[in-house]
Amino acid sequence: MPNLSSNMRVANSYFKTAALISVIAAACACQTAQKPAALLPPASAPALKPATPVQAVTAAPSSPTQKPETQRESSVVASPPVAPAAQTSAAPDPVADLIARVEKEYQTGLANYQAGNTEQAKQNFDNAMNAMLESNFDIRSDARLGKEFDRIVQGVDALYPGGTDTESSADQDASQEPQQKSEPAPIDETNGLAPTADARTKAKAEAEVKNTHSDLPLMMTDQVAGYIAYFQGRGRGVYERALARSGRYHDMIIATLKEEGVPQDLIYLAQAESGFHPLAVSRVGARGIWQFMASRARGYGLSHNMWVDDRQDPVKSTRAAARHLKDLYAQFGDWYLAMAAYNSGPGTVQAAVKRTGYADFWELYQRNVLPKETRNYVPIILAVTIMAKNPSQYGFDDVVMEHPEDYDTVTIDYPVDLRLVAQCVDSNVSDLQDLNPSLLRLSTPREGKFELHLPAGTKEQYTTAIAAIPPDMRLWWRYHTVHAGDTVASLSREYRVPSRSILEANNLETGTELASDARLIIPLPPNRHASDTATYARRITRYKVRRGDTVETVAENFGVSPKMLRRWNGLHGDSLGGRRVLLLHVPITPSAHDLEVASSRAKSRSHPKTETASAKPPASKSAEVERLQTEEAKSERRVEKVRSEKGKEEKVAVVHHRVRSGETLYSIANLYNTTVAALKRENRNIAVLHPGMILTIQLAR
């Protein structure tokens, strides 16, 4: 059989040749692994002309001793096509392999979460995220990786809103509390643009750079000039707000950068990233002034859990950012590359450097080997730096800078509700949240120590007031400022707390007359806040959701707790996106039964956007929602009819109303045929009512 023998000889020869090629290839691979590619010196910045991205950057420099100009030319020569071998298997897809590994880890985490193995689930989710973030792939430049990353971020965030470093015993309690309201990070919008500048703007910018002193290298390119033009025009509002807010943190940031031995003008990286907003959150989950991702933050000592996120602490995050940038500069030896690595990760930049052989940002920019957002990132920071150092030349010299917030600090080792803290220091919750931006919720952590910031000059006042509250009750108990007409009995009815408990907590005798403006302790039972103490009406109130409404604002307007509003409507979180109708029960007290009757009558005749139905207060999502939503069109037609009938001008009368126990803004508005918004507007935007208050109300007649 000659044909078979001949084929066998050919096959043996083929296998020997293939084996020899494999050995040579392995030797070359080992040699390459041991000897990194030579890095060329930084090239000059591109001239003021459109960059021409080079395609098919495939060949490495011919030799380490070759001149940079020759290397630049040789590196752009595409390799000749290689004919595929016959009957070879499909080429490996490392991206698909990574996604498969990540997906397997993520699904394992979901299974563990459903089975109650929360600690194992957290580890699985962390492994999945870290596998993507620590890979050498640019997540945003690959559609498959970007989609997988977004899906996992959203999935994990839904299960652990504050991150996976949570106290599992408190997860359920935390999920019921409202979270800090985040702000979109400005960098998400700006680095997706490609603005251009006219010749005049370019020439002016070039002249400014020559006369601008900076401890960062400043270069003028078409891209930098384009962002300067953008911030002077369409993006002026973004720049102005960030410049004004910089006054809050400027001195602290400059001092920290100086202590860490990095350029002080890196402060403008924070301006470009977040606009100096501690609550800024990017589309991929980076947080804080310096926009740290969770895994990178942990590496620099910034922890996060259900209660606290150190990435939102301006002082701690600034220290971490300075050290991270210092490490990146030590790795790359160039501040532009360090900033690029800060944006996309050192692995992405290192891969681009190895691929081209150039350790120079502008060369990598020209060769289009960096992600688009990273290519724009450095020009944005340069534009912001140049403009901030020349405010009058760019029309920003009249921006009023905000001042740093002075505050006292008290280190606590117990959990406390910010609403109680506000009562202790005669402040409000909003101001306390501004002073403590790292707090994700309305209370401090359940375990460990926390540095609580208080309004300046109130530390002693807080220490004295909080001492009267048992440490294990500081999440629940409240203070009440006595108003005219208050008695222990009326407070007992208002807060649904036994009179004896109020007397004992305040060391009072039975029959004691309460002095006006005195402050009493209200000993609420655990797991019940002051907003949960009302007795709810049997009637269902139907509320049409308006633009800008949130669970918090609707709950405040109706005098109900956000927790109950979520329970009645099957809601999670604070958003009302996609909801058209809410069902709720107006709070009443036994002494205000007549108010419930009057309120229901007023709603039926004067508030066309709400309806009532007799029912028991539901413990979960009401089945009435679906039925009431089908009546939406009829309701809208009735609204238009009422508006047309009342379109003529009417005279206005002013009355004064004394607030009674159990009344809310909503119930009072209904009684007088007005709105909650009008009540607030006419009474200095009042949010909380107390018995005895006098409200001014304008009535049409």
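(A) Region of interest: the overall build of the protein. The helix and strand inventory of the protein stands at 29 helices and 13 strands. Relative to its full complement of 701 residues, the protein shows a buried share of 48%. Counted over contacts in the protein with a minimum sequence separation of 6, partners at least 24 positions apart contribute 71%. Taken as a whole, the protein presents about 35,600 Å² of accessible surface, with 52% of it coming from carbon and sulfur.

(B) Spotlight on the packing of aromatic side chains. Tallying each qualifying case throughout the model produces 11 aromatic pairs. Put simply, the rings of Y230, F231, Y239 and F396 touch in pairs and so form one group of aromatic residues. A cation over a ring is seen here: K204 above Y394, with NZ or CZ 5.2 Å from the ring centre. Over the ring of F396 we find R236; its NZ or CZ atom is 4.2 Å from the centre of that ring.

(C) Summary view of the nonpolar core. Counting residues in hydrophobic clusters, the biggest one holds 73 residues, and the most contacted among them are I228, W290, Y342 and F361. Counting residues per element, this core draws most heavily on helix α17 (residues 372-388), which supplies 10 residues. Not counting residues up to four positions away in its chain, the partners in contact with W290 are I253, L266, I267, L269, A270, S317, T318, A321 and Y342.

(D) Looking closely at the packing of helix α11 (residues 267-274) against α17. Two numbers describe how α11 lies on α17: the axes approach to 9 Å, and their chain directions differ by 115 degrees. In this view, α11 runs roughly perpendicular relative to α17, as classed from their interaxial angle. The crossing of α11 and α17 is right-handed. Where α11 abuts α17, its residues Y268, L269, Q271, A272 and E273 lie against Y377, I380, I381, V384, T385 and A388. Tallied by class, the residues present in the contact of α11 with α17 amount to 8 nonpolar, 2 polar and 1 charged.

(E) Quick look at the side chain of S214. Of note, S214 is situated in the loop between α8 (199-210) and α9 (222-232). Polar side-chain contacts of S214 include one of 3.0 Å to the backbone nitrogen of L216. Only 2.6 Å separates the side chain of S214 from the side chain of D265, close enough to count as a polar contact. Aside from chain neighbours lying at most four places away, what touches S214 is D265, T385 and K389.

(F) Main features of helix α10 (residues 236-260). At Y249, α10 shows its maximal kink, close to 60 degrees. G261 lies just past α10 and shows a positive phi near 75 degrees.

(G) Region of the structure containing unusual backbone geometry. Backbone geometry places Q291, a non-glycine residue, at a positive phi of 55 degrees. Along the chain, Q291 falls in the loop between β2 (280-281) and α12 (294-299). Non-glycine residue N368 carries a positive phi angle of around 60 degrees. With respect to the helices and strands, the residue N368 is situated in the loop between α16 (361-366) and α17.

(H) Seen up close, the environment of H480. When you line up the elements, H480 lands in strand β5 (residues 478-481). Put simply, H480 and L491 are 11 residues apart on the chain and 9.0 Å apart in space, counted from C-alpha to C-alpha. A polar contact of 2.9 Å, which involves the side chain of H480, links it to the side chain of D486.

(I) Spotlight on helix α13 (residues 314-332). Under the 1.5 Å per step criterion, the end-to-end length of α13 is 27 Å for 19 residues, consistent within 8% with the ideal 27 Å. For α13, the full list of buried residues reads P314, S317, T318, A320, A321, A322, H324, L325, L328 and F332. At its buried positions, α13 is contacted by α10, α11, α12, α14 (335-344) and α15 (346-356). Count one or two residues on from α13 and you reach G333, which has phi positive near 70 degrees.

(J) Structural detail: the environment of V308. Mapped onto the secondary structure, V308 falls in the loop between α12 and α13. A C-alpha to C-alpha distance of 5.4 Å links V308 and S438, two positions 130 residues apart in sequence.

(K) Summary view of the side chain of D417. Mapped onto the elements, D417 comes out in the loop between β3 (407-412) and α18 (418-424). By relative accessible area, D417 is classed as buried at 1%. For D417, the side chain forms a polar contact with the side chain of R478, separated by 3.4 Å.

(L) Expanded view of a negative patch on the surface. A contiguous patch of negative charge on the surface is contributed by E405, D406, D431 and D434. You can see D431 is positioned in helix α19 (residues 429-435). Residue classification places D431 among the partly exposed residues on the basis of a relative accessible area of 37%.

(M) Representation of the confidence of the model for the protein. On average, the protein scores 76 in pLDDT, and the residues at 70 or more come to 70%. Note on residues 1-88: pLDDT is under 50 here. Beyond four places in sequence and across chains, it has 70 contacts. The model gives residues 589-650 a pLDDT under 50, and that stretch makes 103 contacts with residues more than four places away or in other chains.

(N) Representation of the pattern of salt bridges within the structure. As enumerated under the stated definition, the model contains 18 salt bridges in all. We note a salt bridge from R323 to E260, for which the minimum N-O separation is 3.2 Å. Taken together, the residues R323 in helix α13 and E260 in helix α10 connect sequence positions 63 residues apart. Classification of R323 by relative accessible area gives partly exposed; the value is 43%.

(O) A look at the environment of A297. Here A297 lies in helix α12. Along the backbone, A297 and A286 are 11 residues apart, and their C-alpha atoms lie at a distance of 9.5 Å. In this structure, A297 is in contact with F292, L302 and R311, ignoring residues within four places of it in sequence.

What counts as what
- Going along each chain's sequence as written, the residues are numbered from 1 onward.
- For a predicted model such as this one, the threshold for reporting local features is a pLDDT of at least 70, and the threshold for listing and counting side-chain atom pairs is 80 or more; totals across whole chains, interfaces and linings nevertheless cover every residue.
- The side-chain quantities take in all heavy atoms of the structure and omit both hydrogens and water.
- The helix count covers DSSP runs of H or I at least four residues long, the strand count covers runs of E at least two residues long, and both are numbered beginning at the N terminus.
- Note on exposure labels: buried denotes an accessible area under 20% of the residue type's maximum, exposed denotes more than 50%, and partly exposed covers the range between, all computed with a 1.4 Å probe on protein chains only.
- Contacts are assigned to residue pairs with any non-hydrogen atoms lying within 4.5 Å of each other.
- The Shrake-Rupley method, run with a 1.4 Å probe, gives the accessible areas here. Residue values count only the displayed protein chains as cover.
- Here a pair means two rings of Phe, Tyr or Trp (six-membered ring of Trp) with centres within 6.5 Å. Their orientation is stacked below 30 degrees between planes, edge-to-face above 60, and tilted elsewhere.
- Both a distance and an angle decide whether a charge sits over a ring: NZ of Lys or CZ of Arg must be within 6 Å of the ring centre and within 35 degrees of the ring normal.
- In this description, a nonpolar core means a group of buried Ala, Val, Leu, Ile, Met, Phe, Trp, Tyr and Cys residues linked to one another through side-chain atoms lying within 4.5 Å.
- Helix axes are fitted to C-alpha atoms over the stretch in contact, other axes to C-alpha atoms as well, and angles between N-to-C directions run from 0 to 180 degrees.
- If an angle is under 35 degrees, it is roughly parallel; if it is over 145, roughly antiparallel; if it lies from 65 to 115, roughly perpendicular; otherwise it is oblique.
- Handedness of a crossing follows from how the near helix is turned relative to the far one, being left-handed for an anticlockwise turn of less than a right angle and right-handed for a clockwise one.
- Note on residue categories: nonpolar means Ala, Val, Leu, Ile, Met, Phe, Trp, Tyr, Cys or Pro, charged means Asp, Glu, Lys or Arg, and polar means any other residue, Gly included.
- Each polar contact in these results corresponds to two N or O atoms within 3.5 Å; when the atoms are within protein, one needs to be able to donate a hydrogen and the other to accept it, and residues that are neighboring in sequence are counted only if both atoms are side-chain atoms.
- To get the bend at any residue, fit one axis to the seven residues that end at it and another to the seven that begin at it, then take the angle between the two axes.
- The span expected for a helix works out to 1.5 Å for each residue beyond the first.
- Exposure above 30% relative accessible area and the lack of any salt bridge qualify a residue for a patch; like charges then connect within 9 Å, and the nonpolar side chains Val, Leu, Ile, Met, Phe, Trp and Tyr within 5 Å.
- Every case where a carboxyl oxygen of Asp or Glu lies within 4 Å of a side-chain nitrogen of Lys or Arg is listed as a salt bridge.
- In summary, the charge assignment counts Lys and Arg as positive and Asp and Glu as negative, without counting His or the chain termini.
- Every charge is mapped to an atom, namely NZ of Lys, CZ of Arg, CG of Asp or CD of Glu.
- One confidence number per residue, pLDDT, is output by the predictor and ranges from 0 to 100.

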